[in-house]
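Inside the fold
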Amino acid sequence: MTILSVNINKIATLRNARGEDYPNLLNTAIDIIKFGAQGITIHPRPDERHVRYQDAMDLKRNISCELNIEGNPIKKFIDLVNEVKPAQVTLVPDSVDAITSNSGWDTVANYSFLKDIVDNFRSNSIRVSIFINPDIKMLEGAKKINADRIELFTGPYAKEFIKDKHKAIEQYIKCSEVANEIGIEINAGHDLNQNNLKFFSDSINNLKEVSIGHALITESLYNGLEPTIKSYLEILK
Ligand code: PXP
């Protein structure tokens, strides 16, 4: 079964736009879980322009489902994650001013750096996922680092899907086959939506989790949050 983890950064962006507490992030997360999503993902950036560090604390205290915290492991982020102790941390190499994550780790060049961080989080019983491009070298690097999972960056898949879905999925299938062979679990995320998700999840064996934010929240503007989440769950069945 593939679980749906809803990325709620967009809700935080909406809240921050008015400098008030509306929409309330925690209540929205609770509703998202009530509507059937099995996980909540947040990506607190160092400037806290969407989700704030305090949100991570509040969510951990008040939600029962899996919490996934994504981010670049600068010291402030590492301290936050170790304090909040979510079920999963996803390491993403985004720069401070990046609009959104746009590439995965080079797990070979960053072996020592990542290994120390992965060891640190795992010793605190936090599952570690490493965000990578669909590249077998990077996948093998993630395994060597001892990460529990990889998150496949699906941005390139989503772009190519519009032109040629079979070509778009090729490299992801190859990666998933190697991942299943060498024993590292698979997550995926970025630019997934109701058009491209089914083909992706049907093509990838043992896909553990997808994290979806931008499209899901955008589609909810037209169809409502509850029906939209239910549609995603139906796709993932
Ligand atoms: N995975 C990672 C590592 C991300 O940074 C993001 C966006 O914050 C997502 C998944 C979700 O992408 P989207 O908002 O396009 O669904």
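Provided above is the structure to which this section pertains.
Overview of the structure. Just so you know, these numbers come straight off a predicted model, no measurement behind them.

**Comments concerning the site of the ligand**
- Near the ligand lie 15 residues; those nearest to it are Ser 101, Glu 151, Asp 191, Gly 213 and His 214.
- Between a nitrogen atom of the ligand and a side-chain N or O atom of Glu 151, the distance comes to 2.6 Å.
- Coverage of the ligand by the protein amounts to 95% of the 400 Å² it exposes when considered alone.
- Using a 2 Å cut-off from the grid points, one finds that the ligand occupies the largest pocket.
- Classifying every residue of the shell around the ligand by side-chain character gives 3 nonpolar, 9 polar and 3 charged.

**Some remarks on the layout of surface pockets**
- There is about 460 Å³ of room inside the largest pocket.
- For the lining of the largest pocket, the secondary structure elements donating two or more residues are helix 1 (9-18), strand 8 (207-212) and helix 10 (214-223).
- No other element matches helix 1, which puts 3 residues into the lining of the largest pocket.
- As for the second largest pocket, its lining consists of Lys 10, Ile 11, Leu 14, Pro 23, Thr 28, His 214, Ile 217, Thr 218, Ser 220, Leu 221, Gly 224 and Leu 225.
- When residues of the lining of the second largest pocket are traced back to their parent elements, those giving at least two are helix 1 and helix 10.
- Tallying contributions element by element places helix 10 first for the lining of the second largest pocket, with 5 residues.

**Looking at the pattern of salt bridges**
- One pass over the full model with this rule turns up 18 salt bridges.
- Here Arg 15 makes a salt bridge to Asp 55, at a shortest N to O gap of 2.9 Å. Placement of Arg 15 in helix 1 and of Asp 55 in helix 3 (residues 53-62) is noted, with a sequence separation of 40 residues between them. A single burial state applies to Arg 15 and to Asp 55, both of which are buried.
- Here Glu 66 ties to Arg 127 by a salt bridge, and the two come within 2.9 Å at their closest N and O atoms. Linking Glu 66 in strand 3 (residues 66-71) with Arg 127 in strand 5 (residues 127-132), this pair joins segments that are 61 residues apart in sequence.

**Quick word on the nonpolar core**
- Counting 72 residues, the largest nonpolar core has Leu 4, Ile 8, Ile 40 and Leu 91 as the members making the most contacts within it.
- The biggest single contributor to this core is helix 8 (residues 165-182), with 6 residues.
- Sequence-distant contacts of Ile 8, defined by excluding residues within four places in its chain, comprise Leu 25, Ala 29, Ile 32, Ile 40, Thr 41, Ile 42 and Leu 59.

**What to know about the sheet that holds strand 7 (residues 185-189)**
- The strand order 1-2-3-4-5-6-7-8 describes a closed barrel built from 8 strands, whose pairing is parallel. Averaged over all pairs of adjacent strands, the angle between strand axes in this sheet comes to 25°, irrespective of strand direction.
- The pairing of strand 5 with strand 6 (residues 149-153) spans 4 bridges and is classified as parallel. Following the sheet pairing, Phe 131 is matched in strand 6 by Glu 151.

**Some details on the packing of aromatic side chains**
- Under the defined criterion, the tally for this structure stands at 7 aromatic pairs.
- Aromatic side chains Trp 105 and Phe 113 sit 6.1 Å apart centroid to centroid with 45° between the ring planes, which places their arrangement in the tilted category.
- A relative accessible area of 7% places Trp 105 in the buried class.
- Looking at Phe 113, the relative accessible area reads 39%, which means it is partly exposed.
- Consider the rings of Tyr 157 and Phe 161, whose centres lie 5.6 Å apart with planes at 55°: the pair is tilted. With Tyr 157 and Phe 161 both in helix 7 (residues 155-161) and 4 residues apart, this pair spans about one turn of that helix. In this pair, the class of Tyr 157 matches that of Phe 161, namely buried.

Rules behind the numbers
- Residues numbered from 1 in each chain as written.
- Predicted model: local features only at pLDDT ≥ 70, side-chain atom pairs only at ≥ 80, totals over all residues.
- Heavy atoms only, no water.
- Near = heavy atom within 4 Å.
- Polar contact = N/O pair within 3.5 Å; in protein donor to acceptor, adjacent residues only side chain to side chain.
- Areas by Shrake-Rupley, 256 points an atom, 1.4 Å probe, with all protein chains shown as cover.
- 1 Å grid on protein atoms, 1.4 Å probe; cavity = no way out; pocket = protein on both sides within 12 Å on 5 of 7 lines; lining within 4 Å.
- Sits in = over half its atoms within 2 Å of the grid points.
- Nonpolar A, V, L, I, M, F, W, Y, C, P; charged D, E, K, R; others polar.
- Points joined across faces, edges and corners; volume = space filled by probe spheres on them.
- Helix = DSSP H or I, 4+ residues; strand = E, 2+ residues; numbered from the N terminus.
- Salt bridge = Lys/Arg side-chain N within 4 Å of Asp/Glu carboxyl O.
- Buried < 20%, exposed > 50% of the residue type's maximum accessible area, 1.4 Å probe, protein only.
- Core = buried A, V, L, I, M, F, W, Y, C linked by side-chain atoms within 4.5 Å.
- Contact = heavy atoms within 4.5 Å.
- Pairing = 2+ DSSP bridges.
- Axes fitted to C-alpha atoms, helices over the stretch in contact; angles between N-to-C directions.
- Phe/Tyr/Trp six-rings, centres within 6.5 Å; stacked < 30°, edge-to-face > 60°.

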